[in-house]
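Chain residues, written in single-letter form:
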Amino acid sequence: EAGVTQSPTHLIKTRGQQATLRCSPISGHTSVYWYQQALGLGLQFLLWYDEGEERNRGNFPPRFSGRQFPNYSSELNVNALELEDSALYLCASSLVAEQYFGPGTRLTVT
Amino acid sequence: QQQVKQSPQSLIVQKGGISIINCAYENTAFDYFPWYQQFPGKGPALLIAIRPDVSEKKEGRFTISFNKSAKQFSLHIMDSQPGDSATYFCAASKGSARQLTFGSGTQLTVLP
């Protein structure tokens, strides 16, 4: 069974630009979660989508947004990039409680 | 406010020894407690998880001990191997709000 996949692996953007990150969940999973893993800040919850709806968001500004498509894949958009947005962005999927993570997208903002 | 506190920050254990990582939580509404293992450049991998109605859960060399009254839980890795060298995260979630709150991580090094 294929795991959670994320693309791209690496993304380099300039401050002020927009970044789009993509995630495909495990087949059969309806929930997708996004987390940010920044150096020194640990893993922080960003967004949770389930059945196409945003269910909850973490303590991040509105320039972090996303959506979930009918096939349950998801997209995270980060607008007006700032240097401190440089981090590993992790997507996880679940059917119930157990969350399974993808390999992440490394976003570097210069 | 950090809701899940993890210790130690780093741990060095000899091969064959027992690795113990501890977590404490503040929010009594938490009802699901997983542990994740993360290797450099990889996403976290779910190791084992427990709910508050159970005091201990064992899967292979990995055991979670849970103390509800103390609001603490720990991961024990028996017969630690060099391949276990990784960063370990505890986490917690509550009810219908399924997002995970993570501890700060423990970097485990198992010496051969």
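What you see is a predicted model; the values in this text were computed from it and never measured.

Asker: Would you mind showing me how to read the pairing of strand β8 (residues 72–77) of chain B here?
Answerer: In the case of a regular strand, side chains alternate between the two sheet surfaces. Residue and element names in this part refer to chain B. When you tally the buried positions in β8, you get 5 out of 6 residues, the bulk of the element. Direction of pairing for strand β3 (residues 19–25) relative to β8: antiparallel, over a ladder of 6 bridges. Pairing of I20 across the sheet is with H76, part of β8. In this structure, strand β7 (residues 62–67) lies alongside β8, joined through 6 bridges in antiparallel fashion. The partner of N67 across the bridge, within β8, is Q72.

Asker: Hey, could you run me through the nonpolar core in this one?
Answerer: Considering soluble globular proteins, one finds that nonpolar side chains tend to be buried as a cluster. Residues and elements named next belong to chain B. In terms of nonpolar packing, the biggest core is built from 24 residues, with F33, W35, F73, L75 and Y88 touching the most fellow members. Elements supplying a minimum of two residues to this core: β2 (10–14), β3, β4 (33–38), β5 (45–50), β7, β8, β9 (86–94) and β11 (106–111). Top element by residues in this core is β9. It accounts for 4 residues. Each residue touching L75, except ones within four places of it in the same chain, is listed here: S19, I20, I21, W35, L47, I48, F62, T63 and Y88.

Asker: Can you walk me through the pattern of salt bridges in this structure?
Answerer: Pairing between side chains of opposite charge can happen when their charged atoms approach one another. This structure, assessed with the given rule, holds 7 salt bridges over all chains. The salt bridge involving D85(A) is made with R63(A); its shortest N-O contact spans 2.7 Å. Remark: R63(A) occurs in the loop between β6 (53–57) and β7 (64–68) and D85(A) occurs in the loop between β8 (74–78) and β9 (87–94); sequence separation between them is 22 residues. In this structure, D85(A) and R63(A) share a single accessibility class: buried. Across the pair E59(B) and K57(B) runs a salt bridge whose closest N-O atoms are separated by 3.7 Å. Judged by relative accessible area, K57(B) falls into the partly exposed class, the value being 33%. Salt bridges linked by common partners bring R22(A), R67(A) and E75(A) together as one network.

Asker: Please explain a nonpolar patch on the surface as it appears in this structure.
Answerer: Residue and element names in this part refer to chain B. On the surface, I18, I20 and M78 cluster together to form a nonpolar patch covering roughly 230 Å² of accessible area. With respect to the helices and strands, the residue M78 is situated in the loop between β8 and β9. Looking at M78, the relative accessible area reads 33%, which means it is partly exposed.

Asker: Help me understand the state of the cysteines, please; the structure alone is not making it clear to me.
Answerer: Between two cysteines, a covalent bond joining their sulfur atoms is known as a disulfide. Residues and elements named next belong to chain B. Under the definition given, this model contains 2 disulfides over all chains. Here C23 is linked by a disulfide to C90, with a sulfur-sulfur distance of 1.9 Å. Measuring the twist about the S-S bond at about -95 degrees, one finds the C23-C90 disulfide to be left-handed. Residue C23 is found in strand β3, and its partner C90 is found in strand β9; the two are separated by 67 residues along the sequence. Residue C90 is classed as buried on the basis of its relative accessible area of 0%.

Asker: Looking at this structure, I do not really get the packing of aromatic side chains. What am I missing?
Answerer: Aromatic ring pairs are defined here through the distance separating the ring centres and the angle between the ring planes. Applying the stated rule across the entire model yields 17 aromatic pairs over all chains. Seen in terms of ring centroids, W35(B) and F73(B) are 5.7 Å apart; in terms of plane orientation they differ by 70 degrees. Their pairing is edge-to-face. You can see W35(B) sitting in strand β4 and its partner F73(B) sitting in strand β8, a full 38 residues away along the chain. For the pair W35(B) and F73(B), one class covers both residues: buried. Each ring, one from F66(B) and one from F73(B), has its centre 6.4 Å from the other, and the planes form 35 degrees; the classification is tilted. One aromatic cluster is present, formed by Y35(A), F45(A), F101(A), Y36(B), F89(B) and F102(B) through successive ring pairs.

Rules behind the numbers
Residues numbered from 1 in each chain as written. Chains lettered and ligands numbered in written order. Predicted model: local features only at pLDDT ≥ 70, side-chain atom pairs only at ≥ 80, totals over all residues. Heavy atoms only, no water. Buried < 20%, exposed > 50% of the residue type's maximum accessible area, 1.4 Å probe, protein only. Helix = DSSP H or I, 4+ residues; strand = E, 2+ residues; numbered from the N terminus. Pairing = 2+ DSSP bridges. Core = buried A, V, L, I, M, F, W, Y, C linked by side-chain atoms within 4.5 Å. Contact = heavy atoms within 4.5 Å. Salt bridge = Lys/Arg side-chain N within 4 Å of Asp/Glu carboxyl O. Patch = residues over 30% accessible without salt bridge, like charges linked within 9 Å, V, L, I, M, F, W, Y side chains within 5 Å. Areas by Shrake-Rupley, 256 points an atom, 1.4 Å probe, with all protein chains shown as cover. Disulfide = S-S within 2.5 Å. Phe/Tyr/Trp six-rings, centres within 6.5 Å; stacked < 30°, edge-to-face > 60°.

Shape is all these values report; function is a separate question.
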